[in-house]
Amino acid sequence: MPAARVYTKKDAKPAVLKNKTLAVIGYGSQGHAHALNLKDSGYKVIVGLYPKSKSIEVAKKQGFEVMPTAEAVKKADVIMIAAPDMKQAAIYKQDIEPNLSKGKTLLFTHGMSINAGFIKPPADVNIVMVAPKGPGHIVRSQFCEGKGVPALIAVQQGGPKAKAIALAWADGIGATRAGVIETTFKEETETDLFGEQAVLCGGVSALIQAGFETLVEAGYKPEMAYFECCHELKLIVDLINESGISGMRFSISETAKYGDVTRGPRVVTKETKKNMKKILSEIQSGKFTKEWKKEYDNGLKNYKKLLADGEKHQIEKVGQRLRSLMPWVAKKNIKGAQAAYSAK
Ligand code: NAP
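Quick caveat, the model's predicted, so the values are computed rather than measured.

1. A short note on the overall build of the protein chain
Okay, so step 1: The secondary structure content of the protein chain amounts to 16 helices and 9 strands.
Okay, so step 2: Judged by the C-alpha coordinates and their principal axes, the protein chain covers about 65 × 45 × 45 Å.
Okay, so step 3: When the 344 residues of the protein chain are sorted by exposure, 38% land in the buried category.
Okay, so step 4: For the protein chain, contacts bridging at least 24 residues in sequence account for 65% of all contacts bridging at least 6.
Okay, so step 5: With an accessible surface of roughly 19,800 Å², the protein chain has 58% of that area assigned to carbon and sulfur atoms.
Okay, so step 6: Between the mean site of the 52 positive side-chain charges and the mean site of the 35 negative ones, the protein chain shows a separation of 3 Å.

Here you go:
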């Protein structure tokens, strides 16, 4: 496959969004970051929320006109749906669809609602995606530091005009400072779900816990297990992030390198890869999305139980105590970060 084209600042035409009204529906992780970055880039941004939202006051304090979602959709030319994926279809049916008109643009930061067919907008409405490859709070903090988080764009409906809108939006949130790549709703949805399940969130959490448990069950101190299997991970990942896996190997000792290349494949085996392929096929067939929607609609019983079990794991207590001894480890209150990042 040829190398993907990387769009940068010179490819974006901010003029396509000038004098337009941009509505951000939802003011959580992604919503607050897009809204603040676009406002700081000089665009007219309004925020749409439901009547009892805890974020109304936060968004107002941060300088936005906040209104009910339906009203924001009526006023806006581009509407970003920044509500949780499983709530998007209901919000769309109730507040968005009745207020859409020809030529408006719906903008997503993840492709699931469109890819799974939960939302089916009319043919005369543009459908685009701008998906930063990082959490919302980093999208904001990087922007404030003059940097940017790379992003994916995609056009489901609307052709080149819609693509120009997506690129200008990506530029407005700072993504063209880092690089923007074009994808499709299908490719983004499937790779995003796979990455978070098999590697970034599911895979890494399970690997850390299993390593920690192996040392503790063998009689080693939990503090030692935490340092070796969790704390040092960031240092290694930072090296990989800066210079790739082989770059990381350049920095570690010969002994570590030998252990890495001979033992790593015994931990992540052919069997593990077979499981990864199964996880991918469940994503591609829609099985995962169906299961997740059913769990969501049934009140999230299993989801809440599994998360609560994770919070009770011994590594959480040990980690909390050790992190409190290390002043250089940022003790960020992620939940309060919207407010923290409000100032430019
Ligand atoms: P989030 O942090 O959970 O925030 C959701 C926001 O939507 C909250 O402000 C919430 O209100 C609001 N909301 C809930 N119901 C609503 C309704 N009926 N009408 C209007 N607003 C409503 O969500 P998120 O994680 O940013 O996810 C948003 C989208 O971004 C999803 O498509 C997700 O896949 C995508 N995405 C997220 C990340 C990330 O970093 N989290 C990364 C890439 C893509 P309250 O404030 O009152 O709760």
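2. Comments concerning the site of the ligand
Okay, so step 1: Around the ligand, 24 residues are found, and the nearest of them are Y50, S53, S55, D85 and T109.
Okay, so step 2: One of the side-chain nitrogen or oxygen atoms of Y50 is found 2.6 Å away from an oxygen atom of the ligand.
Okay, so step 3: Interatomic distance of 3.1 Å between a side-chain N/O atom of Q88 and an oxygen atom of the ligand.
Okay, so step 4: Put simply, the parts of the chain that give the shell around the ligand at least two residues each are α1 (29-40) and α4 (85-96).
Okay, so step 5: For the shell around the ligand, the element with the most residues is α4, which contributes 4 residues.
Okay, so step 6: Taken together, the residues of the shell around the ligand break down into 9 nonpolar, 12 polar and 3 charged.

3. Overview of the nonpolar core
Okay, so step 1: Counting residues in each nonpolar core, the largest one holds 34 residues, and the members touching the most others are V130 and W169.
Okay, so step 2: It is helix α7 (residues 159-172) that provides the largest number of residues to this core, a total of 7 residues.
Okay, so step 3: Not counting chain neighbours up to four residues away, the residues in contact with V130 comprise H34, L107, F108, T109, A151, L152, I153, A166, W169, A170 and I173.
Okay, so step 4: Membership of the second largest hydrophobic core comes to 25 residues, among which are I81, I119, I127 and A131.

4. What to know about the pairing of strand β7 (residues 126-132)
Each regular strand displays side chains that alternate between the two surfaces of the sheet.
Okay, so step 1: β7 sits mainly inside the fold: 7 of its 7 residues count as buried.
Okay, so step 2: Of the pairings in the sheet, the one linking strand β6 (residues 105-108) to β7 comprises 4 bridges and is parallel in character. The partner of L106 across the bridge, within β7, is I127.
Okay, so step 3: Where β7 and strand β8 (residues 151-157) come together, 6 bridges link them in antiparallel fashion. Residue pairing in the sheet places I127 in a bridge with Q157 of β8.

5. Topic: the packing of aromatic side chains
Okay, so step 1: Taken as a whole, this structure holds 5 aromatic pairs when the rule is applied.
Okay, so step 2: Ring centres of Y27 and F64 lie 5.8 Å apart, and the angle between their planes is 65 degrees; this geometry places the pair in the edge-to-face category. With Y27 in the loop between β2 (21-25) and α1 and F64 in the loop between α2 (56-61) and β4 (65-68), this pair connects stretches of sequence that are 37 residues apart. Each of the two residues, Y27 as well as F64, counts as buried.
Okay, so step 3: Residues W292 and Y296 carry aromatic rings whose centres are separated by 5.7 Å and whose planes lie at 85 degrees to one another, so their mutual orientation is edge-to-face. Taken together, the residues span about one helical turn, with W292 and Y296 both in helix α13 (residues 287-297) at a distance of 4 residues.
Okay, so step 4: Taken together, the ring pairs connect W292, Y296 and Y303 into an aromatic cluster.
Okay, so step 5: Note that K18 overlies the ring of Y43, its terminal NZ or CZ placed 4.4 Å from the centroid.
Okay, so step 6: Above the ring of F143, the side-chain terminus of R177 is found at 4.4 Å from the ring centroid.

Conventions we followed
Residues numbered from 1 in each chain as written. Predicted model: local features only at pLDDT ≥ 70, side-chain atom pairs only at ≥ 80, totals over all residues. Heavy atoms only, no water. Helix = DSSP H or I, 4+ residues; strand = E, 2+ residues; numbered from the N terminus. Buried < 20%, exposed > 50% of the residue type's maximum accessible area, 1.4 Å probe, protein only. Contact = heavy atoms within 4.5 Å. Areas by Shrake-Rupley, 256 points an atom, 1.4 Å probe, with all protein chains shown as cover. Lys, Arg positive; Asp, Glu negative; His and termini not counted. Charge placed at Lys NZ, Arg CZ, Asp CG, Glu CD. Near = heavy atom within 4 Å. Polar contact = N/O pair within 3.5 Å; in protein donor to acceptor, adjacent residues only side chain to side chain. Nonpolar A, V, L, I, M, F, W, Y, C, P; charged D, E, K, R; others polar. Core = buried A, V, L, I, M, F, W, Y, C linked by side-chain atoms within 4.5 Å. Pairing = 2+ DSSP bridges. Phe/Tyr/Trp six-rings, centres within 6.5 Å; stacked < 30°, edge-to-face > 60°. Lys NZ or Arg CZ within 6 Å of the ring centre and 35° of its normal.

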